[in-house]
Amino acid sequence: MNNTLLAIDFGSSSVKAVIAKPDLEHNIGILGIGTQKSQGIYKGIITNIEDAANSIRDAVLMAKKNTLENFDTTVVSISGNHTKSIRSSGSVNVPNGIITETEINQVMQMALYNATIVPEYEVIHVIPIHFKVDDTVDVDNPLNMNGSRLEASVFIVTAKRTSLTNIKSALKISGIENCIFVLDGYASAMALLDSQQKKFGATVINLGDSTTEFVCFKSNSLIFNGFIPVGSSHITNDLSEMLHTPPAAAEKLKIDYGSLIKDYSPKNDLGITKVKIPRIGDEHTSSEVALESIQTIIHARVEEILILIRKNLKKSGLLDNIGSGIVVTGGMSNLDGIKVLAQAVFDGIPVSISAPKNIKNGFMSLDEPTMSTIVGILYLMLGKSRGFELDSNKKLVRPIKVDPRISKPAHVDINTQKADDINTSANVKSNETNLSNLDLNNKQAILTPLDDKQKKKGVGKFWTKISEWF
Ligand SMILES: Nc1ncnc2c1ncn2[C@@H]1O[C@H](COP(=O)(O)OP(=O)(O)OP(=O)(O)O)[C@@H](O)[C@H]1O
Ligand SMILES: [Mg+2]
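Residues numbered from 1 in each chain as written. Chains lettered and ligands numbered in written order. Predicted model: local features only at pLDDT ≥ 70, side-chain atom pairs only at ≥ 80, totals over all residues.

For the protein chain, the helix and strand inventory stands at 13 helices and 21 strands. Counting the 470 residues in the protein chain, one finds 41% classified as buried. Looking at the protein chain alone, contacts between residues at least 24 apart form 68% of all its contacts between residues at least 6 apart. (Helix = DSSP H or I, 4+ residues; strand = E, 2+ residues; numbered from the N terminus. Buried ≥ 20, exposed ≤ 12 C-beta atoms within 10 Å, placed from the backbone. Contact = placed C-beta atoms within 7 Å.)

A separate point is the site of ligand 1. Among the 22 residues in the neighbourhood of ligand 1, the closest are listed as Gly 11, Gly 208, Asp 209, Gly 331 and Thr 370. For the shell around ligand 1, the secondary-structure elements that each account for two or more residues are α6 (232–243) and α7 (247–257). The biggest single contributor to the shell around ligand 1 is α7, with 3 residues. Here the shell around ligand 1 is built from residues that sort into 3 nonpolar, 16 polar and 3 charged. (Near = placed C-beta within 6 Å. Nonpolar A, V, L, I, M, F, W, Y, C, P; charged D, E, K, R; others polar.)

A separate point is the sheet that holds strand β3 (residues 28–37). Pairing in this open sheet of 5 strands is mixed, and the strands run β3-β2-β1-β6-β11 from one edge to the other. This sheet does not close on itself; its edge strands, each paired only once, are β3 and β11 (180–183). For this sheet, the mean inter-axis angle between neighbouring strands, taken without regard to orientation, is 20°. With 4 bridges connecting them, strand β6 (residues 73–78) and β11 associate as parallel partners. Among the inter-strand pairings, Val 76 is bridged to a residue of β11, identified as Phe 181. Contacting β1 (5–10), β2 (14–22) and β3, helix α1 (residues 49–64) runs over the sheet at an angle of about 140° to β3. (Pairing = 2+ DSSP bridges. Axes fitted to C-alpha atoms, helices over the stretch in contact; angles between N-to-C directions.)

As a packed pair, α1 and helix α3 (residues 161–173) sit with axes 8 Å apart at the nearest point and diverge in direction by 55°. It follows from the interaxial angle that α1 and α3 lie oblique. The chirality of how α1 crosses α3 is right-handed. Along the contact surface, α1 presents Ile 49, Glu 50, Ala 52, Ala 53 and Ile 56, while α3 presents Asn 166, Ser 169, Ala 170, Leu 171 and Ile 173. (Parallel < 35°, antiparallel > 145°, perpendicular 65-115°, else oblique. Left-handed = near helix turned anticlockwise from the far one by under 90°.)

Attention shifts here to helix α4 (residues 184–192). For α4, the tally of buried residues reaches 9 of 9 residues, placing the bulk of the element in the interior. Along α4, the positions that sit buried rather than exposed are Asp 184, Gly 185, Tyr 186, Ala 187, Ser 188, Ala 189, Met 190, Ala 191 and Leu 192.

Of the two faces of strand β17 (residues 326–329), the one carrying Ile 326 and Val 328 and the one carrying Val 327 and Thr 329 are both buried. Where β17 and strand β18 (residues 351–356) come together, 3 bridges link them in parallel fashion. Bridge assignment links Val 327 to a residue of β18, and that residue is Ser 352.

Next up on the list: the confidence of the model for the protein chain. The predicted coordinates ought not to be read in detail in places where the model reports low pLDDT. With 84% of its residues at a pLDDT of 70 or more, the protein chain shows a mean pLDDT of 85. Scored below 50 in pLDDT, residues 409–470 shows 66 contacts in the model against residues more than four places distant or in partner chains. (pLDDT = per-residue confidence, 0-100.)

Burial runs high along strand β12 (residues 202–207): 6 of the 6 residues are buried. Side chains Ala 202, Val 204 and Asn 206 project from β12 onto one buried face, and the interleaved Thr 203, Ile 205 and Leu 207 project onto a second face that is buried too. Pairing analysis gives 6 bridges linking β12 to strand β13 (residues 212–218), with the strands arranged antiparallel. If you follow Thr 203 over to β13, its bridge partner there is Cys 216. Counting the residues between successive antiparallel strands, the hairpin from β12 to β13 contains 4 residues. Of the strand pairs in this sheet, β12 and β17 are connected by 4 bridges, and their pairing is parallel. Bridging from a neighbouring strand, Ile 205 pairs with Val 328 of β17.

So, about unusual backbone geometry. Even without being glycine, His 26 reaches a positive phi, approximately 65°. Within the secondary structure, His 26 is located in the loop between β2 and β3.

In this structure, Ala 7, Val 18, Ala 20, Ile 56 and Leu 378 are the most contacted members of the largest nonpolar core, which totals 109 residues. Considering each element in turn, this core owes the most residues, 9 residues, to helix α8 (residues 291–315). Discounting chain neighbours no more than four positions away, the residues touching Ala 20 are Leu 5, Ala 7, Ile 28, Gly 29, Ile 30, Leu 31, Leu 378 and Leu 382. (Core = buried A, V, L, I, M, F, W, Y, C linked by C-beta atoms within 7 Å.)

For Leu 308, the location among the structural elements is in helix α8. Through-space distance from the C-alpha of Leu 308 to that of Ile 228 is 7.8 Å; in sequence the pair is 80 residues apart.

An α-helical segment advances 3.6 residues per turn. Residues three or four places apart therefore align on the same side. In this model, α6 (12 residues) spans 17 Å end to end at C-alpha, consistent with the 16 Å of a helix rising 1.5 Å per residue. Buried within α6 are the following residues: Ser 232, Ser 233, Ile 235, Thr 236, Leu 239 and Ser 240. For α6, the angular spread of buried residues about the axis comes to 155°, placing them on one side. A positive backbone phi angle near 55° is found at His 244, which sits one or two residues after α6. (Expected span 1.5 Å × (residues − 1). Arc of directions from axis to C-beta.)

A few words on the environment of Ile 117. Here Ile 117 shows up in the loop between α2 (101–114) and β8 (121–133). For Ile 117, a count of 15 C-beta atoms within 10 Å puts it in the partly exposed group. Sequence spacing of Ile 117 and Ile 86 is 31 residues, and the spatial spacing of their C-alpha atoms is 8.2 Å. Excluding residues that lie within four positions of it along the chain, Ile 117 makes contacts with Val 123 and Thr 158.

What describes two packed helices is the angle between their axes and the distance between those same axes. Remark: α8 packs on helix α9 (residues 338–345), axes separated minimally by 10 Å, with the N-to-C direction vectors making an angle of 40°. Comparing their axes, α9 and α8 come out oblique. Handedness of the α8/α9 crossing: right-handed. For the pair α8 and α9, the contacting residues are Val 302, Glu 303, Leu 306, Ile 307 and Arg 310 in the first and Ile 338, Leu 341, Ala 342 and Val 345 in the second. Tallied by class, the residues present in the contact of α8 with α9 amount to 7 nonpolar, no polar and 2 charged.

In structure tokens form, the structure reads like this:
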């Protein structure tokens, strides 16, 4: 075991592969990144094993180009399309009076044993919602606590065996024998939510290419996962069909002119109201289309997706109990004005558009909303704030013990990108001043009086001027 990990996010539009390894301070070091156009997967389901295998192989080969390290664990994201989630609980005796990892493992296995798993489904995650030691409720981490009985309430994610077997087959053809599966939405949440958001509750929506994944967190645990088989490629298809233009031209229209808020009406300030597009079947002929029409088509599809999510959350009783708000990510979150529309649809619930903070490593970058899932896999497997859970091999994942002699003070060093807690990595892309962006651990950031140099700027500059008059 050399602790080197290969993470794969097999998305519908691209496969992302990252090879990473923790350093001595348990910061995540990126060794290689590969991305390739996806083939053989749609709406989270493998449609062609050979094509899927080729896409995975190409992405992994690209990631391997930058490193000579061999990886000993492979972790692959799976879509919520395959999954069913249930809750369960279990309890065990603590024979020695002190809770060790053995009892924690036993109680989680017991909760799993007590659950009714739908036939043909396999376990992906067993995540503790809370532990109880004797009569003490809601213990976050029972390790080393005194007690005679340990209880666990858990959230179990299961996935369809046939879908998993197809992914395993594609991985095998591409040269990968064993892997651990991680739910896509759960991974995204790990990349984006900070500890406060996890505690008070938050919903993460990953708007991808042909899938929309959403998960809810409360009291530091995953409590819900949802899925809609619609994503940004549906906008492209709508534009292509309605405007009779080839899909490639429709995709370009979406990226170049797609906006939910720009004024494309006649005589707008942008000075542009129409664009020329090729006609399907006869690409040498072009036709003119009003940007207003494009906007209407895009708006209708995006609004539909957001309303579907809202209905789903409402039905599950979570909409009125979302906590700190909704965090939107994934490729489609790049769409201009998505925050405004999401705020309107979710009526009063705070919405932010988010991407993982870059775990920089020289020229390689991971700070795009499309990278939330892959970065989340790294955080989930290698991050310092991971908790106890059972993985898809039903093995106990433990929190990482950081040696205090080598750990850094609790704040994020933005220049070196060495976040001591992965959860502080949410990078809320917003033009507004956002209090949650402040590094509250770094008290200097909010409490230090202005030094002379700073005083020269802004109010300080004005003050200097007044002082000169006297
Ligand atoms: N500005 C934009 N407006 C709308 N869509 C966009 C924009 N930029 C990128 N996209 C879309 O984002 C999608 C890719 O996002 P992402 O990488 O999150 O998807 P994926 O992970 O490959 O797919 P999935 O998660 O659905 O399996 C593409 O469909 C792309 O067209
Ligand atoms: Mg995705």
